[in-house]
Amino acid sequence: MSRTVAVVGASLAGLSAARALREQCYDGRIVVIGDEAHAPYDRPPLSKEFLARRASLDDIALGAPDDADLGLEWRLGTTAVGLDRLSHSVLLADGSEVRADGVVLATGARARRLSGSEGLGGVHVLRSLDDAVALREDLAAAGRLVVIGAGFIGAEVASTARTLGLEVTVIESQPVPLAGPLGADMGAVCAQLHADHGTRLLVGTGVAGLVGTGRVEAVELTDGTRLPADVVVVGIGAIPNIEWLADSGVALGNGVLTDARCATNVPGVVAVGDCAAAWSATRERHVRIEHWTHALEQPATAVATLLGTDRPTPTPVPYFWSDQYGARIQFAGSRREDDVVRVLEGSCADRSFLAVYERHGHPVAVLGMNQPRLFTRWRRQLRAAVLTHS
Amino acid sequence: MIPVCPTTALPPGEAIRVEATEPIAVFNVDGDFYAIDDTCTHQDASLADGWLDGCAVECPLHASCFDLRTGKVSGPPAKTPVRTHKVVVQGGTVYVQPGTAADGAA
Ligand SMILES: Cc1cc2nc3c(=O)[nH]c(=O)nc-3n(C[C@H](O)[C@H](O)[C@H](O)COP(=O)(O)OP(=O)(O)OC[C@H]3O[C@@H](n4cnc5c(N)ncnc54)[C@H](O)[C@@H]3O)c2cc1C
Ligand code: FES
């Protein structure tokens, strides 16, 4: 059995891996390496309660009272810069290394930035606690916010900023926001929340550039329009943090490539959470899932793989939620472009409904807005259906 | 004591939310009634909307499980237990006694 496991990345997936190691009776040393100075914290509140100052740092801490019993060696504020595949050594920025028998890669993702925005004050991305604190301070003194990208994080920031009294414009390059994850019909329904709450949404519009010297003053669109802005938030997706593995021999694509049980091509090295792209048998390609519940649950499988024990593969029904303008949006399953969506309960106009996506007459995904009880039932049913069919 | 509903209105496997100073969720597990705080200790979700699995309820939002008998949480993300409340069944009606822990609760 391995005597030292190094976990690289001290956030949800990394902490979940450390907990899973102990749950699965591993009693060796566990070293958790994380480049942020903070103890693990929860990211979803950063665009919601924490940004609105309704949750404190304490509220969003991921650590639980029992975690002291895990006996973890923390290396916070420490960046991993390389991995030696033969000795399983994790190389650190200060020149030292952690020799390990097993390695869990959990370095997550970072926000994609808008090129040309470097060094311009008032322009933010939102991924880390430090990002959230900086944005929160800037919003407090601002009147006009422009959000670039109407994905989940962009929509949540817009919603929070409205509660703080800002004038908000959201710019989306696609004709319909959230069409990727939800499909055009349901994406359009969710996008109506913006107008309901006084946020201006501009779709099918590209950003030509940011205007301002020293500090941003406006966002210029491809049609020449200038939108004045005190603060700009760029929410255009995330990039996996895998560059540090470039010379390691670990196979990389859009993330660390793994099999369905989180094993990389290097024995003794597994990858989990937002940095990992696991093989999906149903979709016949590697899929990188960037959802909270996935980062929480998947490490149990990775750890079993590392310890060489048998355990079921991860829940085959991805799940995520988003809170926007007081509406609770929940989605579970895997949607494809040709699926047919039907509203089974409630109505889109009331902003309270349950919609099911069907393929060849079988439900494959479910979307709920303000329907937690029904949604939970459907999510369960989907999980049971997928388990019996696989 | 707060009257909740007739026993027949809360069949096995079902839950109901009761408005009190702090809302309470009452569950019927195979004919036994349990009451706990309705609001999850993690964030703002109603546990009455959760999934009943044996003597535990799974939060509808992020799936922390709470033991209905003790209020204890069995897994992350919630870190603290919910309070339990005593349930009394009298003359075909279910009542809760807010603030009085259920027998056997921690
Ligand atoms: C603002 C925001 C809101 C969100 N809201 C939701 C939501 O409502 N619902 C939902 O389902 N999901 C949501 N998510 C997504 C969810 O938070 C992520 O899926 C989850 O955090 C992934 O966890 P992770 O541990 O894999 O990666 P991360 O949380 O990204 O953690 C990776 C950690 O590794 C560190 N690291 C990176 N490189 C190195 C290195 N070389 N050496 C050492 N450490 C390194 C990083 O700094 C970071 O601390 C949200 C995310 C954000 C940012
Ligand atoms: S709100 Fe219940 S687990 Fe998060």
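Each chain carries its own residue numbering, running from 1 in the direction its sequence is written. Labels follow written order: the first chain is A, the first ligand is 1, and so on. Local features in a predicted model are, by the rule used here, given only for residues with pLDDT of at least 70; side-chain atom pairs are given and counted only at 80 or more, and totals for whole chains, interfaces and linings are based on all residues. Heavy atoms throughout the structure, all of them, feed into the side-chain values; hydrogens and water do not.

## Some details on the overall build of chain A
Moving on, step 1. Helix and strand definitions follow DSSP, with helices as H or I runs of at least four residues and strands as E runs of at least two, each counted in order from the N terminus. When helices and strands are counted, chain A shows seven helices and 27 strands.
Moving on, step 2. The C-alpha radius of gyration computed for chain A amounts to 22 Å, which stays within 12% of the reference 21 Å derived for 390 residues, consistent with globular compactness.
Moving on, step 3. Counting only C-alpha atoms and orienting by the principal axes, one finds that chain A spans roughly 60 × 55 × 35 Å.
Moving on, step 4. Each residue is placed in one exposure class: buried if its accessible area under a 1.4 Å probe, protein chains only, is under 20% of its type's maximum, exposed if it is over 50%, and partly exposed if it falls in between. For chain A, with 390 residues in total, the buried portion stands at 54%.
Moving on, step 5. Contacts: residue pairs with any heavy atoms within 4.5 Å of one another. Looking at chain A alone, contacts between residues at least 24 apart form 61% of all its contacts between residues at least 6 apart.
Moving on, step 6. The average position of the 37 basic charges and that of the 45 acidic charges among the side chains of chain A differ by 3 Å. C-alpha atoms define the radius of gyration in this analysis, and the globule rule sets the expected value at 2.2 Å times the number of residues to the power 0.38. Positive charges come from Lys and Arg alone, negative charges from Asp and Glu alone, with His and the N- and C-terminal ends not counted. Here the site of a charge means NZ on Lys, CZ on Arg, CG on Asp, or CD on Glu.

## Observations regarding the environment of Pro372 of chain A
Moving on, step 1. As for its position among the elements, Pro372 of chain A is in helix H7 (residues 372–389).
Moving on, step 2. Residue classification places Pro372 of chain A among the buried positions, given a relative accessible area of 19%.
Moving on, step 3. For the pair Pro372 of chain A and Ile329 of chain A, spaced 43 residues apart in sequence, the C-alpha to C-alpha distance is 8.7 Å.
Moving on, step 4. Once residues within four sequence positions are removed from consideration, Pro372 of chain A is found in contact with Gln330 of chain A together with Asp49 and Pro60 of chain B.

## Observations concerning the interface of chain B and chain A
Often, the extent of an interface is quoted as the loss of accessible area on bringing the components together.
Moving on, step 1. Taken residue by residue, the interface counts 18 residues in chain B and 22 residues in chain A.
Moving on, step 2. Here the quantity called buried area is the accessible surface, traced with a 1.4 Å probe, that two parts lose on coming together, added over both. Both sides of the chain B and chain A interface together cover about 1700 Å² of buried area, and 46% of this is carbon and sulfur.
Moving on, step 3. In terms of surface lost to chain A, no three residues of chain B exceed Trp51, Leu61 and Lys79 of chain B, which account for 35% of the buried area on that side.
Moving on, step 4. A side-chain nitrogen of Lys or Arg and a carboxyl oxygen of Asp or Glu constitute a salt bridge if their distance falls within 4 Å. Summed over the shared surface of chain B and chain A, the result is four salt bridges.
Moving on, step 5. Classification used: nonpolar for Ala, Val, Leu, Ile, Met, Phe, Trp, Tyr, Cys and Pro, charged for Asp, Glu, Lys and Arg, polar for all others including Gly. Residue composition of the side of chain B that touches chain A, grouped by class: eight nonpolar, four polar and six charged.

## Observations concerning the pattern of salt bridges
Moving on, step 1. Under the definition given, this model contains 26 salt bridges over all chains.
Moving on, step 2. A salt bridge links Arg342 of chain A to Glu358 of chain A; the shortest N-O distance between them is 2.8 Å. With Arg342 of chain A in strand E25 (residues 340–347) and Glu358 of chain A in strand E26 (residues 352–359), the pair connects residues that are 16 residues apart, well separated along the chain.
Moving on, step 3. Judged by its relative accessible area of 42%, Arg342 of chain A is partly exposed.
Moving on, step 4. One network of salt bridges, in which partners are shared, links Arg380 of chain A together with Asp53 and Glu58 of chain B.

## Regarding the site of ligand 1
All names here are of chain A.
Moving on, step 1. Every one of the 32 residues lining ligand 1 counts as a neighbour, but Asp35, Glu36, Arg43, Lys48 and Arg127 are closest to it.
Moving on, step 2. Under this definition, polar contacts are N or O atom pairs within 3.5 Å; protein pairs additionally need one hydrogen-donor-capable and one acceptor-capable atom, and for neighbouring residues in sequence, both atoms have to be side-chain atoms. A distance of 3.4 Å separates an oxygen atom of ligand 1 from a polar atom in the backbone of Ala109.
Moving on, step 3. When the free accessible area of ligand 1 is taken as 1000 Å², the share hidden by the protein chains comes to 94%.
Moving on, step 4. Elements represented by at least two residues in the shell around ligand 1 include exactly helix H1 (12–23), helix H3 (152–163), helix H6 (292–307) and strand E23 (319–324).
Moving on, step 5. For every domain, the bounds stem from an assignment made automatically or drawn from a database. When residues of the shell around ligand 1 are assigned to domains, at least three map to each of domain 1 (4–110 + 239–307) and domain 2 (113–236). Residue proximity to a molecule or strand is established when one non-hydrogen atom of the residue lies within 4 Å of it. For accessible areas, the Shrake-Rupley method is used with a probe of radius 1.4 Å. Any residue's cover is judged against the shown protein chains and nothing else.

## Quick word on the nonpolar core
Moving on, step 1. One finds Ile30, Val104 and Val366 of chain A together with Phe27, Ile36 and Leu68 of chain B to be the most contacted residues of the largest nonpolar core, which totals 57 residues.
Moving on, step 2. A domain-level breakdown of this core finds at least three residues from each of domain 1 (4–110 + 239–307) and domain 3 (326–389) of chain A.
Moving on, step 3. Leu129, Ala150, Tyr325 and Phe353 of chain A belong to the second largest nonpolar core, which has 41 residues in total. Remark: nonpolar core denotes a set of buried residues (Ala, Val, Leu, Ile, Met, Phe, Trp, Tyr, Cys) joined through side-chain atoms within 4.5 Å.

## Considering the environment of Glu137 of chain A
Moving on, step 1. Among the secondary structure elements, Glu137 of chain A is positioned in helix H2 (residues 129–140).
Moving on, step 2. The class for Glu137 of chain A is exposed, based on a relative accessible area of 54%.

## Here we look at the domain arrangement of chain A
Residue and element names in this part refer to chain A.
Moving on, step 1. With domains assigned, chain A is organised as domain 1 (4–110 + 239–307), domain 2 (113–236) and domain 3 (326–389).
Moving on, step 2. Taking only C-alpha atoms into account, the centre of domain 1 sits 30 Å from that of domain 2.
Moving on, step 3. Counting residues at the interface gives 17 residues for domain 1, matched by 16 residues for domain 2.
Moving on, step 4. Here domain 1 meets domain 2 over a buried area of about 1500 Å², counting both sides, of which 61% is carbon and sulfur.

## Side note on the sheet that holds strand E13 (residues 207–211) of chain A
Residues and elements named next belong to chain A.
Moving on, step 1. The pairing criterion is simple: DSSP has to find at least two bridges between the two strands. Here three strands make up an open sheet; going across it, the order is E13-E14-E15 and the pairing antiparallel. Looking along the sheet, the strands with just one partner apiece sit at the ends: E13 and strand E15 (226–228). Averaged over all pairs of adjacent strands, the angle between strand axes in this sheet comes to 20°, irrespective of strand direction.
Moving on, step 2. By the bridge criterion, four bridges tie E13 to strand E14 (residues 218–221) in an arrangement that is antiparallel. Looking across to E14, one finds that Val207 is bridged to Leu221. To obtain an axis, a line is fitted to C-alpha atoms, over the contacting stretch when the element is a helix, and the angle between two such axes runs from 0 to 180 degrees between their N-to-C directions.

## Some words on the confidence of the model for chain B
Residues and elements named next belong to chain B.
Moving on, step 1. In this model, chain B carries a mean pLDDT of 92, and residues with pLDDT of at least 70 account for 97%.
Moving on, step 2. Values of pLDDT, the confidence the predictor places in each residue, fall between 0 and 100. Strand E5 (residues 51–53) is the least confidently modelled element of chain B, averaging 92 in pLDDT, while strand E3 (residues 24–29) averages 97, the highest of any element.
Moving on, step 3. For this predicted complex, the interface score ipTM comes out at 0.87, while the overall pTM is 0.95.

## Some words on the sheet that holds strand E10 (residues 144–148) of chain A
All names here are of chain A.
Moving on, step 1. The strand order across the open sheet built from five strands is E9-E16-E10-E11-E12, with neighbouring strands paired in parallel fashion. Both outer strands of the open sheet, strand E9 (123–124) and strand E12 (200–203), are each paired with one neighbouring strand and no more.
Moving on, step 2. Bridging between strand E11 (residues 167–172) and E12 involves four bridges; their strand directions are parallel. Note on E12: the bridge partner recorded for Thr169 is Arg200.

## What about the packing of H1 of chain A against H6 of chain A?
All names here are of chain A.
Moving on, step 1. Relative to each other, H1 and H6 sit at 40°, their axes nearing to 8 Å. The orientation of H1 relative to H6 falls into the category oblique. Here the hand of the crossing between H1 and H6 comes out right-handed. Facing H1, whose interface residues are Leu12, Ala13, Ser16, Ala17, Ala20 and Leu21, H6 presents Trp292, Ala295, Leu296, Pro299, Ala300, Val303 and Leu307.
Moving on, step 2. Residue classes in the contact of H1 with H6 are distributed as 12 nonpolar, one polar and no charged. Angle categories are assigned with fixed cut-offs, so that under 35 degrees is roughly parallel, over 145 is roughly antiparallel, 65 to 115 is roughly perpendicular, and the rest are oblique. Each crossing is labelled by how the near helix is turned from the far one, with a counterclockwise turn of less than a right angle marking it left-handed and a clockwise turn marking it right-handed.

## A closer look at the pairing of strand E5 (residues 89–92) of chain A
All names here are of chain A.
Moving on, step 1. Pairing between strand E4 (residues 80–84) and E5: four bridges, direction antiparallel. Directly across from Asp84, in E5, lies its bridge partner Ser89.
Moving on, step 2. The antiparallel pairing of E4 with E5 creates a hairpin that spans four residues between the two strands, and His88 there sits at a positive phi of about 55°.
Moving on, step 3. One ladder, built from three bridges, connects E5 with strand E6 (residues 97–99); its direction is antiparallel. When the bridges of E6 are listed, Leu91 appears paired with Glu97.
Moving on, step 4. Here E5 hands over to E6 after four residues, with Gly95 in that stretch at a positive phi of 95°.

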